Amino acid sequence: TNYFFTTSETANEHLRRTSVESSRIFFVGNTMIDSLLNNMERLIPPSFWNEFKLEIGEYFVLTLHRPCNVDTIDIFKKMLLTIGEQTRNLPVIFPVHPRTAKTLSCIHGLPENIRFVEPQSYLEFNYLVKNAKAVITDSGGITEECTVMNVPCMTLRNSTERPETVTIGTNELIGTDPANLQLALDKLFSGGWKVGSTPEKWDGKAAERIVEVLERCV
């Protein structure tokens, strides 16, 4: 790689530790956030919004697809039971990833407040995230979008490639033990969730900065 375009100072430091010269590292921001901010006015409710009687701030969004969470029936079921029980009867909208659907088809007796839906379009899904009480996920990109939209996010993993969403944003690493989720949800419902902020240069102008660098260097 000749040029490295990074989303954070943490990424810059990782590169320097691998002996990449500072002259090849450009802290430009996050192109995913460019996409999000450029589409905020176009977000639309999904087709099931009225059918499920969803209200702003009164439902959760859930996404799970990583093997450690969904490939083992017993682990996956325990996770879903905990989520259903601890979200205080609020709807939990779960767009089901294709790999997740395989395991889900073998599980029965799940909480009625978890609503399983098809994967959503970009505009519909981010509408759901923007207006949710919180997001429960094992994804990486969603944690970035939650941070920018100031939506509490609980990540069911032990590590993240987006540390700034934890140190600066609204995300918290909960781990893969469902018992930890109860503590996080208690904090949310008590009003004790942390106040996040937007990381530096996550302002929708990352692509412009990249172009500026390329015009100088190429």
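Above: the structure in question.
Conventions adopted
- Residues numbered from 1 in each chain as written.
- Predicted model: local features only at pLDDT ≥ 70, side-chain atom pairs only at ≥ 80, totals over all residues.
- Heavy atoms only, no water.
- Axes fitted to C-alpha atoms, helices over the stretch in contact; angles between N-to-C directions.
- Helix = DSSP H or I, 4+ residues; strand = E, 2+ residues; numbered from the N terminus.
- Parallel < 35°, antiparallel > 145°, perpendicular 65-115°, else oblique.
- Left-handed = near helix turned anticlockwise from the far one by under 90°.
- Contact = heavy atoms within 4.5 Å.
- Nonpolar A, V, L, I, M, F, W, Y, C, P; charged D, E, K, R; others polar.
- Polar contact = N/O pair within 3.5 Å; in protein donor to acceptor, adjacent residues only side chain to side chain.
- Expected span 1.5 Å × (residues − 1).
- Buried < 20%, exposed > 50% of the residue type's maximum accessible area, 1.4 Å probe, protein only.
- Arc of directions from axis to C-beta.
- Phe/Tyr/Trp six-rings, centres within 6.5 Å; stacked < 30°, edge-to-face > 60°.
- Lys NZ or Arg CZ within 6 Å of the ring centre and 35° of its normal.

Q: How should I be thinking about the packing of helix H2 (residues 31–39) against helix H7 (residues 141–149) in this particular structure?
A: Each pair of packed helices gets described by two things: the angle between the helix axes and the distance between those axes. Running from N to C, H2 and H7 point in directions that differ by 55°, and their axes come no closer than 10 Å. Taken together, the axes of H2 and H7 are oblique relative to one another. Considering the relative orientation of H2 and H7, their crossing is right-handed. Contacts from Met 32, Ile 33, Leu 36 and Leu 37 in H2 reach Gly 141, Glu 144, Glu 145, Val 148 and Met 149 in H7. Classifying every residue of the contact of H2 with H7 gives 6 nonpolar, 1 polar and 2 charged.

Q: Even after reading the chapter, I still don't get the side chain of Thr 143, so can you show me in this structure?
A: With respect to the secondary-structure elements, Thr 143 resides in helix H7. At a separation of 2.5 Å, a polar atom in the side chain of Thr 143 contacts the main-chain carbonyl oxygen of Gly 140. Setting aside its immediate chain neighbours within four residues, Thr 143 contacts Thr 137, Cys 153, Thr 155, Arg 162, Thr 165 and Asn 171.

Q: Please clarify how helix H9 (residues 178–189) should be interpreted in this entry.
A: Side chains three or four residues apart in an α-helix point the same way, a direct result of the helix having 3.6 residues per turn. For H9, which comprises 12 residues, the first-to-last C-alpha distance of 17 Å matches the rise-based estimate of 16 Å (1.5 Å per residue) to within 8%. Every buried residue of H9 is accounted for by Pro 178, Leu 181, Ala 184, Leu 185 and Leu 188. End-on view of H9: buried residues confined to an arc of 100°, all on one side of the axis. Summarising the contacts, the buried residues of H9 are in contact with strand E3 (60–63), helix H4 (73–86), strand E6 (134–137) and strand E7 (153–155). Two residues or fewer past H9, Gly 191 is found with a positive phi of approximately 85°.

Q: Is there a simple way to explain the packing of aromatic side chains in this structure?
A: A ring pair, where both rings are aromatic, is described by two values, the distance of the centres and the angle of the planes. The full count for this structure, using the stated rule, is 7 aromatic pairs. A ring pair is formed by Trp 49 and Tyr 59, whose centres lie 5.6 Å apart and whose planes are at 90°; its orientation type is edge-to-face. Of this pair, Trp 49 sits in the loop between H2 and E3 while Tyr 59 sits in the loop between H2 and E3, and the two are 10 residues apart along the sequence. We note that Trp 49, like Tyr 59, is buried. An aromatic cluster of three or more residues is present, and its members are Tyr 3, Phe 5 and Phe 26. Just above the ring of Trp 193 sits the side chain of Lys 187; from NZ or CZ to the centre is 5.7 Å. Over the ring of Phe 27 we find Lys 201; its NZ or CZ atom is 4.7 Å from the centre of that ring.

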